[in-house]
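Topology and contacts: notes
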Amino acid sequence: LAVVVFCAVFAPFLTDQDPTLVVLRNSKLLPNAEHPLGCDYYGRDIWARLLYGSRTTLIVVLGAQLVSTVAGAVLGLLCGYYRRVEKILMRILEGFATIPNLLLCLMMVAIFGAGTWNLILAMAVGGIPSCARVVRSQVLSLKEKEYIESEKAMGASDTRTMFLHILPSCLSYLIVRVTTGLAGNMLRMTSLSYLGLGLDPLIPSWGGEIQQAQGYMFSTPHMVLYPALAICITIFGFSMLGDAVRDLMDPKLR
């Protein structure tokens, strides 16, 4: 993951090739000294597209996970603290939870269109219900604690009680959720890009590279191999990071 982040940040210094430059004479070019990973069907340098595609991937994956976690935490706080809000809001969230995440992403992208921000929003919506349910259950138990009752008796507002006393007790779960959900978001993003419903084809993305090269995977396998390896390595890294953070933050495993 550190290597992927390094490549995303310093992409302009790791290649002098333009990832969007089309050179038809280099179509399906095999790896050589000038193009270390070869070129795709349109003659674009695969190494450059992988480097700049890592930027797009990290922005969408991290953005979607942060949005879903923050929104889910706020909605979970409201549902757990106000029972009237829970009766309405949780029924809506449960309705969204019945729709598979990938199908929900497909529906939202079809409605709002492709694009970085639309893709982040579409991926984030699917993760909000599960986060809200867990935060709600923690709030229901925490708000009955003596220190919360003391805070209310001292005249603290509901906002202060929720965000300064209850929310910090949920941070360990939220941190675990951010890390463990990255691999799933990565897989959903690449799936949408592969189906042609993610980002604009001109924007470098790993799933988009596989989608464009699938027709030539037997004649020029390098066009599919390198983006697929990048996806597998990054998903594996996210999964291992999530497991490690969960083991670190869970007191039962210490």
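Residues numbered from 1 in each chain as written. Predicted model: local features only at pLDDT ≥ 70, side-chain atom pairs only at ≥ 80, totals over all residues. Heavy atoms only, no water.

Some thoughts on the pattern of salt bridges
Stated precisely, the cut-off is as follows: Here, a salt bridge means any side-chain nitrogen of Lys or Arg that lies within 4 Å of a carboxyl oxygen of Asp or Glu. Helix and strand definitions here come from DSSP, where helices need a minimum of 4 consecutive H or I residues and strands a minimum of 2 consecutive E residues; each element is numbered from the N-terminal end. Think of it in three bands: with a 1.4 Å probe and only protein chains considered, a residue is buried below 20% of the maximum accessible area for its type, exposed above 50%, and partly exposed in between.
Counted by the stated rule, this structure contains six salt bridges. Where Glu 94 meets Arg 91, a salt bridge forms, and the shortest distance between an N and an O atom there is 3.1 Å. With Glu 94 and Arg 91 both in helix α4 (residues 83-97), this residue pair falls three residues apart, about one helical turn. Judged by its relative accessible area of 45%, Arg 91 falls in the partly exposed class. Members of the salt-bridge network, linked through shared partners, are Arg 83, Glu 86 and Arg 136.

Looking at the packing of aromatic side chains
The test is simple: Between the rings of Phe, Tyr and Trp (Trp by its six-membered ring), a pair exists once the centres lie within 6.5 Å; its type follows the angle of the planes, with under 30 degrees stacked, over 60 edge-to-face, and the other angles tilted.
Taken as a whole and assessed by the stated rule, the structure comprises five aromatic pairs. Seen in terms of ring centroids, Tyr 41 and Tyr 216 are 5.0 Å apart; in terms of plane orientation they differ by 10°. Their pairing is stacked. Here the residue Tyr 41 occupies a position in the loop between α2 (11-14) and α3 (46-81), and Tyr 216 occupies one in the loop between α11 (206-213) and α12 (222-249), the gap between them amounting to 175 residues. Between Tyr 81 and Tyr 82, the ring centres sit 5.3 Å apart and the planes meet at 75°, which makes this aromatic pair edge-to-face. Clustering of aromatic rings is evident, with ring pairs tying together Phe 6, Phe 10 and Phe 13.

Quick word on helix α6 (residues 116-142)
An α-helical segment advances 3.6 residues per turn. Residues three or four places apart therefore align on the same side. Where we set the bar: Here a helix's expected span is defined as the number of its residues, less one, multiplied by 1.5 Å. Working definition for bend: take the seven residues up to and ending at a residue and the seven starting at it, fit an axis to each, and measure the angle between the axes.
An ideal rise of 1.5 Å per residue puts 39 Å on 27 residues; α6 measures up with 37 Å between its terminal C-alpha atoms. Residue Gly 127 marks the point of greatest curvature in α6, where the axis turns by about 35°; the proline Pro 129 follows within four residues.

A look at the nonpolar core
The following threshold applies: We define the nonpolar core as a collection of buried residues of types Ala, Val, Leu, Ile, Met, Phe, Trp, Tyr and Cys that are connected through side-chain atoms lying within 4.5 Å of one another.
Formed by 33 residues in total, the largest nonpolar core has its most connected members in Leu 119, Met 123, Met 186, Met 189, Trp 206 and Phe 238. Elements supplying a minimum of two residues to this core: α1 (2-9), α3, α5 (101-112), α6, α10 (182-194), α11 and α12. Ranked by size, the runner-up nonpolar core spans 14 residues in total, among them Leu 77, Tyr 81, Val 139 and Leu 174.

Some words on the packing of α3 against α10
Operational definition: All axes are obtained by fitting lines to C-alpha atoms, using only the stretch in contact for helices, and the reported angles, taken between N-to-C directions, cover 0 to 180 degrees. Working rule for angles: under 35 degrees goes down as roughly parallel, over 145 as roughly antiparallel, 65 to 115 as roughly perpendicular, anything else as oblique. In this scheme the crossing of two helices becomes right-handed for a clockwise turn of the near helix relative to the far one and left-handed for an anticlockwise turn of less than a right angle. Whether two residues are in contact is decided by their heavy atoms: any pair within 4.5 Å suffices. Polar here means any residue other than Ala, Val, Leu, Ile, Met, Phe, Trp, Tyr, Cys and Pro, which are nonpolar, and Asp, Glu, Lys and Arg, which are charged; Gly is therefore polar.
Their axes nearest at 9 Å, the elements α3 and α10 cross at an angle of 125°. If you check the angle between α3 and α10, you find them oblique. α3 and α10 meet at a crossing whose hand is right-handed. Of α10, the residues touching α3 (which contributes Thr 56, Thr 57, Val 60, Val 61, Leu 62, Ala 64 and Gln 65) are Leu 182, Asn 185, Met 186 and Met 189. A breakdown of the residues in the contact of α3 with α10 according to their chemical character gives seven nonpolar, four polar and no charged.

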